[in-house]
Each structure stands twice: as C-alpha cells, then as structure tokens.
Amino acid sequence: MTNELPPGLALQKVDERIMTLNVGPQHPGSGHMRIIVQIDGDFIVACDPDPGYVHRGEEKMAEYRNYITNIPHLERPVIHDSCNILYPYVLGVEELLGIEVPERAKYIRVIASELNRCVYTMYWLAIYGIFLGHSTMFMWPAGDRELLIDLLEKMTGARVTHAHFVPGGVRNDLPPNFEDVCLRQVNYFEKRIKEYAAIFYDNPILIARTANTGILSREDAIRLGTTGSVLRASGVDYDLRKKEPYDVYEELDFQTNVLKEGDSYARSKIPWLDMMESCRIIRHALQKMPKSGSVRVKLKPNPKGKGLDSVYKRVESGRGSLGCYIVSDGKPEPYRVKLSVGSFRNLIALPYLLKGEKLGNMPAVYWSLNYWPVEADR
Amino acid sequence: MSSDSDNEPIETTSDVTPASTKSSPTPEKEIELPKFEKDLADKIVEKFNTRVKVAFVKPDRVRINVGRDDIKEVAEFLRDVLNFDHAESVSGVDYPQDKEIEVVYHLGSYTDSSLSRQILVLATRAQREENPIPGNDATKLPSLREVFYSVEFHEREIFEMFGVYFQGHPDNRRLLLPEDWADLPPLRKDFAIKGR
Amino acid sequence: MLKDLITPQNANVFVGKLGDILEQAIDKPLGYAINWGRIWSLWPVHIETACCSVEFGAASSPRYDVERFGIIEAFGSLRQCDLIVVQGTITRKMAPRLRLVYDQMPEPKYVIAMGACAITGGLYFDSYNVLPGIDGVLPVDVYVPGCPPRPETLIQGCMLLQEKIKRMKARKFV
Ligand code: SF4
C-alpha cells in the first residue's frame, strides 16, 4: 500500500486513536452512496460524504434532446416522485414558450404532485423504519403506498414513472369516476397514516434513538442553505407552496408544518405531518376542480424558445425546494438544463450533523435528511 | 453599462446567450416592470453603478452580471445589506464562442419574508481554456464559500464539471465523477457524448 | 477374487473409480436435493445501484411479498448471500465496487440484471458515465427487462432463476 490516498479519500491526517471507516456503497445503512467517517472509539470525529455512484449525466444528456424528449429521462432521478421532479422543468419550458395552461390541468397537476409526494414520503418512511431496525415500519408504509400508486396508475398509466406532466398541461384527462375513487382512497390513507403515531412516532424506543441526535440549529440551517423538511424542522417556516405559489396552490387551503427542535425526530416527523396536509390539499382540489374542460394545450412539433432566454423555476417537492435552471438559445434543444435538487442541498449538512455523534446514530441522522442519493447525483 | 439607475437596461432577453448569436430584438411591447424587483436592482446599481450590469428584471427574478474581481464584494453587499442569506443553486454554463464559462449563483432568502419569493441571479464569467488542465490554468474564480456557506458542494461540482477552479475554496476535490476521470470536464460543450 | 484385483499398487486407482461410480449413481438425487435447498433460500445482497431499487423495495412489500417464493429480504451480510440483483444503471464509479462485492460472495452465486439500464444501458445509452449493460462486469443469469420492471416482473425473473438453478449441476466434478 502506498501512502498516497486516492482522490476522494483524503480526509485529515489522523493519529492512531482514530479509525477511518467506509460506510457504503454496499451497506444496509447507506443507500447508493459512501460515507467515509473517522471514529474515535464510538464517536464520529469527521465525516466525508462521497456521492456520485449514480451520476448519470442527466444534464449533459438534456442538451442533446429536445424539450419534449427530455421528459422521460429527467424524471428518472426520483422515479417515486416523478411528478414533482418534472414540475419545475415543465413550468420553465412553459414560461419559455409562453404557454398558458388550462385551469383543469393545473388542478390535475396539483393532485398528481400531492399524491406523488405521499408516495415518495411513504417509501422514505419505510426505509427510515428499516434503518432503525423497525420492520413493521417498513411493512406498513410500503404496503399503504400501493394504494396511492394504484390511484396514480389509474390516472397516468404507469406505476412509478408517470411522465404525466408535459409543457402545456398533462398528458391525459382523468379517467371516469376518478374523483370518487380518489376521495375514498385518500380518506382511508389518511386514517391509516394517523395510526403510525402509535407504532412509530410515539414509540419510546424511536424517540430515544432519534430525539436529540444530530441537532441542526436555526442559524446553521439557514447558513447551510438546507431546504424542505430539514429546514422546517429547524424552525424556519419556508414552504414554496405558500411562499411562491405555483399553479393553483394559492387557492387551496392548507398549512405548513414547522417544528423547533431541529433533531432527527423532528426531521422525521415533518414529512409525516406534511402527508396529512397533502390529503387536505387533494380533497380541496377535487372539490374546486372544474368538472370538465381541456387539459392540454397543443404544441407545435419541436417547440423552441422565442430566442435567447433563461428561466429559473422552483417547486416544493418531497425533499424540499427543487429548482430548474433552463438556458435556451432558440433551438429545439435546451442550451443548458440544471437541476438544483433538495437532496444535494441537504447533503452539505451531513458532516455538521454527524460530528460528535455515536456511530450507531449515523443511519438515523443520515436518513432523516430526507435524502435520495440518485437525485443528488443526477 | 453606463446608464444610470433611472433608465435601467431592461432587456427581456440578455447576454445569457452566446454573443455570437445575434442579439435579440427589443421587446415587442413595453412590459410593466415589477416595482419591488426594480427597487432591488436599483439599490445594487446605486452602490456599484458601472461595475454591475442588470441583465433583466422579471417578476421575482433579478439578474445581475458582475466581473470576476467584483463578485465577492457584490456578494457581501447582497448578504449584509439586502439580506440574501443562502445560495439555492450554482450552475455553470459554457460559452465556447465567447471563450468564457459562466457561473450563475441563484440566491434566496429565508430570513427576510419580503424576499421569500425573490431569486437574485448573480452571474460572472471565467476565462475558458481550449485545452483545460483543471486547477492549473486560467479558468479561475474567487470562491463565494466564505460569503454563502451553502455553495460548498455546488462549487466542487462546478470544478469537476467545467474545470473552473475556485480560489479560496478549502476543498476543491472531486465529488461526483469517478476517481479516475481523466477526460475533459464533461459539461463543457466540446465534450461530446457517445454517438452525437 | 476382489482381493486379487486390488494390489497395493492399484488400490488408489480402484478407489477413485469406485468414487466415480458412486458419484454418478447418487449425483442426480443428491444434486436435486442440494439445488432444492438453494432454490428456496436465495439471499440477495443489499447493493442498490440506481432507481430500480425502488421497485426492488416494493417487491418485498406486503402486496408483492417475494418472500413467499423463497427470496429473502435484502438485509443480510455479503458473506451469506448468494444472489445479486443489479438494480439498474451501473456507472463507471460503481462498476469496480460491484465487481468487488461479487468477488466477495461465496460460491454458488447468481446474478439477476434488473432494468433496461443493467441490460443495455437503457435510457442512458449515450451518457458519458454509464456502462452499456453489466455483461462486461458480471456473468448474468437472468435478465429482467423494464424501466423500472414492475415487481411482478421481478418476481417472475426470480422464478425463472429458480427454474434455472433446478437444472444446473449441483456440483462440479473434476
Ligand atoms: S431501468 Fe429505468 S428505472 Fe431502472 S435504473 Fe434504469 S432508468 Fe432507472
């Protein structure tokens, strides 16, 4: 062995007490990434996240495909939240092309994206459960999310990769009788997730494992530019659905959830509370939605931007604010597409949170960041 | 831009695009400028007058272009006086015709509720080398990490994707690409992907 | 008579021949028994490589429940596992690690390539950081197409693998 460390492995020079440990990429507690930690006994002294195992060059590929054919591959970073990741891109392209979306399509989009947020959060919750060794919490959310997947499948035709949002509206109208089925399932779903409090959120073992671990103060949360549930768990009330309402969120009735503690427990609770709000939004949107009307503006083949322009659009996804920066030069292909994703923005907090924690708390802290490695790597 | 703050250079389209492409015609009809955003832009121009250039003022979005020497100063002003407290995203855009690589910071604010809708786009350009040696050529910019902490990973990403070295960044290591990547930085325009 | 045949010089050869005959005689039933054991306890490694892992997770959820077909949830140690389900895109950074994982698993080991990306590169055929399929890295037993494959497809792939194992030679003779 040489003394030269390969790039990506160069942590600080360490003395003998300190051991360097690789967690991942093959590790039940790491997901698709590697976390290099240095431990002193049982305590973490330094942490260096090493993402990039799923870096697939989406942004480069987007420069070679036109605005419409970009849709399928841009949703792949988060296939279980595919409506939300397409949302900013679609909004951006609409602004570039100057399209006004029909009212009904806007409601359908909101419903789809809220359903999708629940599907995402349930998967995240399932994995959080198994990270903490709580198998029931894997089985319950993983089973209950199938309900909403069924709904989305009815609506869009695909289980997870919907590609439902297109510039100008949504791909197709709701199936007949969808409203009733949706209402029924969402009501049942809400009843189910309320039961999670009994087995998970009020569980003393869970509280002992997650409360007071990985505390992120309000100042740090702002300084590090975290977003989504991480930010709101630290006491900053910032939800783009309220602050910069897109489509019809202005007209819908819901509230944002904010907790002050900033620990792993608060971070894991916020998405769960958000799901209940999502149910409210869906019910309200179903009520207010125009009962008929077109759902899509017909585009010309190969749509192009009017000329030289750039837009930055953002939406609130399951993992926080999701921005899309599109530069167009008047060709059918975008000049540059950049996804600014919540996971990547929250990753920066990991070294700060893990410092001084016990190694055993690592999965609890890491997954409470609401992190999806595939999205962060793009 | 030599104009003063009264008649702002308002172009719906701007120099975000390659200079070699023809510059866009003037907007077809006069657009009502959003007041708040215009004030914001005015404040910046008042402070730095000719050193910054307001590229566009759109609803909720203001874009200013600055030279690479002034960017740190402007960023500090934005943070301390205008209350922008974090960077949402940092993107690079490659302009081979201009021989420049643009780095775009999208700044937002959590603390100031009047700014919560706003995104301030701060753009600067670095010199582009034909044959890049990432880290050892003229493609360098001052890092904004001391001003906005949140740019840390974003700037690391730009370094490997475009070869823009950020001076003052403590950790210009590789982030996403494989350890043995020896090709051009992949998001530059002259890096061609398979079969295209 | 037998005593005349076996001399100290040819005893070795004789025993060897006897072993051969014995092995041939019980190979079929023994192999069947061994394979039967293998089929119902396939343990996948927990290595997620891309977005197909979402559907892999869904496959062990209560609705699909692969466990009833003898594929156990992927939370074991590498050294106990005998199945590696490659869940999607293999990037250039992941490929060496994937091979490392494979090499550390004990024999016998089987590979399922899940998703279009693991088979040919799929949607990312022209990406700069993605391998065009994993055939160059691992020997694949079963391909499960789809982007992502539905959990039912994955289950069917697993059952195909079980069929395949049934017909495999349980032991390799010298
Ligand atoms: S096959 Fe599709 S779902 Fe699976 S990894 Fe590839 S892109 Fe993702």
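Here, every reference points to the structure presented above.
Residues numbered from 1 in each chain as written. Chains lettered and ligands numbered in written order. Predicted model: local features only at pLDDT ≥ 70, side-chain atom pairs only at ≥ 80, totals over all residues. Heavy atoms only, no water.

Asker: Residue-level account of the interface of chain B and chain A, with values.
Answerer: The interface is formed by 57 residues belonging to chain B together with 52 residues belonging to chain A. A per-residue breakdown of the area chain B buries against chain A is headed by Y110(B), F153(B) and L176(B), which together make up 16% of the total. At the boundary of chain B and chain A, one finds six salt bridges. Between E63(A) and K189(B) there is a salt bridge; the shortest N-O distance is 3.1 Å. Connecting chain B to chain A are 17 residue pairs in polar contact (both at pLDDT 80 or more). When contributions to the side of chain B that touches chain A are tallied by element, the ones reaching two or more residues are strand 1 (52-58), strand 2 (61-66), strand 3 (86-95), strand 4 (100-108) and helix 3 (152-162) of chain B. When residues of the side of chain B that touches chain A are assigned to their parent elements, the largest contribution, nine residues, is made by strand 3 of chain B. Grouping the amino acids of the side of chain B that touches chain A by side-chain chemistry returns 22 nonpolar, 18 polar and 17 charged. (Contact = heavy atoms within 4.5 Å. Buried area = accessible area lost by both parts, 1.4 Å probe. Salt bridge = Lys/Arg side-chain N within 4 Å of Asp/Glu carboxyl O. Polar contact = N/O pair within 3.5 Å; in protein donor to acceptor, adjacent residues only side chain to side chain. Helix = DSSP H or I, 4+ residues; strand = E, 2+ residues; numbered from the N terminus. Nonpolar A, V, L, I, M, F, W, Y, C, P; charged D, E, K, R; others polar.)

Asker: An account of the nonpolar core is needed here, citing residue identities and associated values.
Answerer: In this structure, Y89(A), Y105(B) and L122(B) are the most contacted members of the largest nonpolar core, which totals 179 residues. Of all the elements, helix 4 (residues 103-131) of chain A adds the most residues to this core, at 19 residues. (Core = buried A, V, L, I, M, F, W, Y, C linked by side-chain atoms within 4.5 Å. Buried < 20%, exposed > 50% of the residue type's maximum accessible area, 1.4 Å probe, protein only.)

Asker: Residues and numbers for the interface of chain A and chain C, please.
Answerer: Facing the 40 residues of chain A at the interface are 38 residues of chain C. Together chain A and chain C conceal approximately 3300 Å² of surface at their shared face, both sides included; 58% is due to carbon and sulfur atoms. For the chain A face of the interface with chain C, the top three residues by lost area are Q26(A), Y53(A) and R56(A), together amounting to 20%. Viewed at the interface, chain C and chain A are joined by six salt bridges. Of the charged contacts, one joins R150(C) and E153(A) as a salt bridge, the two residues approaching to 3.0 Å between their closest N and O atoms. Here chain A is connected to chain C by 18 residue pairs in polar contact (both at pLDDT 80 or more). At the level of secondary structure, the elements contributing two or more residues to the side of chain A that touches chain C comprise helix 1 (58-62), helix 2 (70-74), helix 4 and helix 5 (135-156) of chain A. In terms of residues, the side of chain A that touches chain C owes the most to one element, helix 5 of chain A, which gives nine residues. Looking at side-chain class alone, the side of chain A that touches chain C contains 17 nonpolar, 11 polar and 12 charged residues.

Asker: Provide a residue-level description of the pairing of strand 2 (residues 34-40) of chain A, including the pertinent values.
Answerer: All names here are of chain A. When you tally the buried positions in strand 2, you get six out of seven residues, the bulk of the element. Relative to strand 2, strand 1 (residues 18-23) runs antiparallel, the two being bridged by six bridges. Across the sheet, the residue bridging to L21 is V37, located in strand 2. As paired elements, strand 2 and strand 3 (residues 43-50) share seven bridges and run antiparallel to each other. The residue bridging V37 from the neighbouring strand is C47, located in strand 3. Between the antiparallel neighbours strand 2 and strand 3 lie two residues, among them G41 with a positive phi of about 65°. (Pairing = 2+ DSSP bridges.)

Asker: Any chance you could break down the sheet that holds strand 8 (residues 336-340) of chain A for me, citing the residues and the numbers?
Answerer: As a general point, the strands of a sheet are linked pairwise by backbone hydrogen bonds and lie either parallel or antiparallel. All names here are of chain A. Taken in spatial order, the three strands line up as 6-7-8 in an open sheet, and their pairing is antiparallel. Strands with a single pairing partner mark the edges of an open sheet, and in this sheet they are strand 6 (308-317) and strand 8. Looking at each pair of strands side by side, their axes are set apart by 10° on average, direction ignored. Across five bridges, strand 7 (residues 320-329) lies against strand 8 in antiparallel orientation. When the bridges of strand 8 are listed, Y325 appears paired with K338. (Axes fitted to C-alpha atoms, helices over the stretch in contact; angles between N-to-C directions.)

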